[in-house]
Amino acid sequence: MRKIAFYDAKPYDRVWFDAHAPEYGFEMKYLENRLTADTAVLSAGCDAAVAFVNDTVDAAALQGLFDGGIRMLAMRCAGYNNIDFKAAYGKIHIARVPAYSPYAVAEHAMALLLTLNRKTHRAYIRTRDFNFSLNGLTGFDLHGKTVGVVGTGKIGRVFIDICRGFGMNVIAYDPYPAQDASIGYVSLEELWAQADVISLHCPLTRDTRHMVNAASLAQMKNGVVLLNTSRGALIDSEALLEAIKTKKVGGAALDVYEEESEVFFEDFSNTIIADDVLSRLISMPNVIVTSHQAFLTNEALENIALTTLENLRQYFDGDEMKNEICYQCQKKGTCDRSVTKRCF
Ligand code: NAI
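Conventions and cut-offs
Residues numbered from 1 in each chain as written. Predicted model: local features only at pLDDT ≥ 70, side-chain atom pairs only at ≥ 80, totals over all residues. Heavy atoms only, no water. Core = buried A, V, L, I, M, F, W, Y, C linked by side-chain atoms within 4.5 Å. Buried < 20%, exposed > 50% of the residue type's maximum accessible area, 1.4 Å probe, protein only. Helix = DSSP H or I, 4+ residues; strand = E, 2+ residues; numbered from the N terminus. Domains from an automatic or database assignment. Contact = heavy atoms within 4.5 Å. Arc of directions from axis to C-beta. Pairing = 2+ DSSP bridges. Axes fitted to C-alpha atoms, helices over the stretch in contact; angles between N-to-C directions. Phe/Tyr/Trp six-rings, centres within 6.5 Å; stacked < 30°, edge-to-face > 60°. Lys NZ or Arg CZ within 6 Å of the ring centre and 35° of its normal. Salt bridge = Lys/Arg side-chain N within 4 Å of Asp/Glu carboxyl O. Right-handed = clockwise from strand over helix to strand, strands pointing away.

Q: Is there a simple way to think about the nonpolar core in this case?
A: Formed by 88 residues in total, the largest nonpolar core has its most connected members in Leu73 and Ile198. For this core, the element with the highest residue contribution is helix α11 (residues 298-316), accounting for eight residues. When residues of this core are sorted by domain, at least three fall in each of domain 1 (2-100 + 297-330) and domain 2 (102-289). With sequence-adjacent residues up to four places away left out, isoleucine 198 is seen in contact with Gly148, Val150, Leu191, Trp192, Met220, Val224, Val225, Leu226 and Leu227. With 24 residues, the next largest nonpolar core counts Met110, Phe159, Ala172 and Val197 among its residues.

Q: Explain helix α10 (residues 276-283) to me, please; I cannot follow it from the model alone.
A: Think of an α-helix as turning once every 3.6 residues; residues three or four places apart then point the same way. Residues Val277, Leu278 and Leu281 constitute the buried set of α10. In a view along the axis of α10, the buried residues occupy a sector of 95°, so they form one face of it. Where α10 is buried, its residues meet α9 (237-245), β10 (249-254) and β11 (287-289).

Q: What is the right way to look at the sheet that holds β11 in this model?
A: The strands making up a sheet associate through backbone hydrogen bonding, with each pair oriented either parallel or antiparallel. Ordered in space as β7-β6-β8-β9-β10-β11, the six strands form an open sheet in which the pairing is parallel. Two strands in the sheet have a free side with no partner beyond their single neighbour: β7 (169-173) and β11. Across this sheet, the average inter-strand angle for adjacent strands is 15°, counted without regard to direction. Sheet analysis places β10 next to β11, joined by three bridges and oriented parallel. Along β11, the bridge assignment pairs alanine 253 with isoleucine 288. Sheet strands in contact with α9 are β9 (224-228), β10 and β11, and its direction is about 140° off that of β10.

Q: Would you explain the packing of aromatic side chains in this entry?
A: Centre distance and the angle of the planes are the two values used to describe a pair of aromatic rings. This model, assessed by the stated rule, comprises eleven aromatic pairs. An angle of 70° between the planes, with centres 6.4 Å apart, marks the rings of phenylalanine 130 and phenylalanine 132 as edge-to-face. We classify phenylalanine 132 as exposed; its relative accessible area is 58%. The lysine or arginine in question, arginine 71, covers the ring of phenylalanine 66, its NZ or CZ lying 3.8 Å from the ring centre. Here lysine 91 stacks its cationic end above the ring of phenylalanine 66, 5.6 Å away from the centre of that ring.

Q: Just checking my understanding: could you explain the pattern of salt bridges for this structure?
A: Side chains bearing opposite charge may pair, as long as their charged atoms lie close to each other. For the structure on display, the rule yields nine salt bridges. A salt bridge links lysine 221 to aspartate 196; the nearest nitrogen and oxygen atoms lie 2.9 Å apart. Placement of lysine 221 in the loop between α8 (214-219) and β9 and of aspartate 196 in the loop between α7 (188-194) and β8 (197-200) is noted, with a sequence separation of 25 residues between them. Overall, the relative accessible area of 32% leaves lysine 221 in the partly exposed class. Among the charged side chains, a network of salt bridges with common partners joins Asp8, Lys10, Arg34 and Glu266.

Q: When you look at the pairing of strand β4 (residues 72-75) in this model, what are you seeing that I'm missing?
A: Looking along a regular strand, one sees side chains alternate from face to face of the sheet. Across the two faces of β4 the burial is the same, with Met72 and Ala74 and Leu73 and Met75 all buried. Where strand β3 (residues 48-51) meets β4, three bridges bridge the pair, whose relative direction is parallel. Across the sheet, residue valine 50 finds its bridge partner in β4, namely alanine 74. Note that the unit made of β3, helix α2 (residues 59-67) and β4 has a crossover that is right-handed. Note that β4 and strand β5 (residues 93-95) share three bridges and pair parallel. Considered in β5, the bridge of leucine 73 is made with isoleucine 94.

Given below as structure tokens:
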């Protein structure tokens, strides 16, 4: 049996990897630690490693994995902004799970919008305490409101369909528009200015980092509602906090946060959190923070496990690695994959 080191293992991950790994002839070595330069050594002697969004896949961690004999790292996530691809190139193959359930993330975005708007989270707490007052729980009809969707890839398009079901007017921005005449594309400036609700569904890149900042917030409607289920650093958190204090922003729902790797996925309920911006945001009545859980459905988790195991199988069997990525993939003609079926 091939042994696979599995970093940052949580009970909900293990369910689906335990169910399917034996079919592939893999034995999972579950590690509670995140992958860092210090913990890379824990995979020594294994045949491959599996990591996740908030693992630190920097040059030092990659070198540690390489020194321990690892030549294949399977990311069990779609995003890959935490990886030093240049350091990995030529040493460790890296594959990811490009899609597992756009529905999971888009449905969570709508759940956040409905909760934020209709304040069901506060009503739930009140009625448990036999407080049946409605004061402060007023929302607005989503029907007829304009939602601005930034990024119309797999998740953004499912979110658009959901919003249409609620009778919302949809406008969208994407530098690579989908071939779908029914999506009303506008410029980013128009989207900021026209939308009552803005939902971010684009990747984190150099271009998109802090796309929501003091300048773009100033262009938005007073009382705008912001949803971020993509990557935390799309939003300048300090600028958002300021805009909430001045009531420019009427509500924000964040499933991701730019400094989330310090805290998300762990229990800090007995700890004083050092991040003042996060603490202040969470203290606001019109802010909801969830801990990067948009992907957390059974369907998504099973798809993640199956694709990750298949990525590992392709590597071990010498097959084409369909989901491999490297820093050259983006640059046309510089990645070997189209010829050799592998990035290097
Ligand atoms: P996708 O690759 O299908 O779509 C991304 C879209 O963003 C593409 O259409 C692309 O053209 C567009 N885009 C690129 N640069 C842009 C820019 N500067 N401005 C606006 N749009 C731009 O990706 P998918 O599957 O829809 O995922 C979207 C994001 O959701 C991912 O990048 C990831 O960060 C996040 N995500 C979050 C999860 C969670 O649990 N919270 C789970 C899965 C993904």
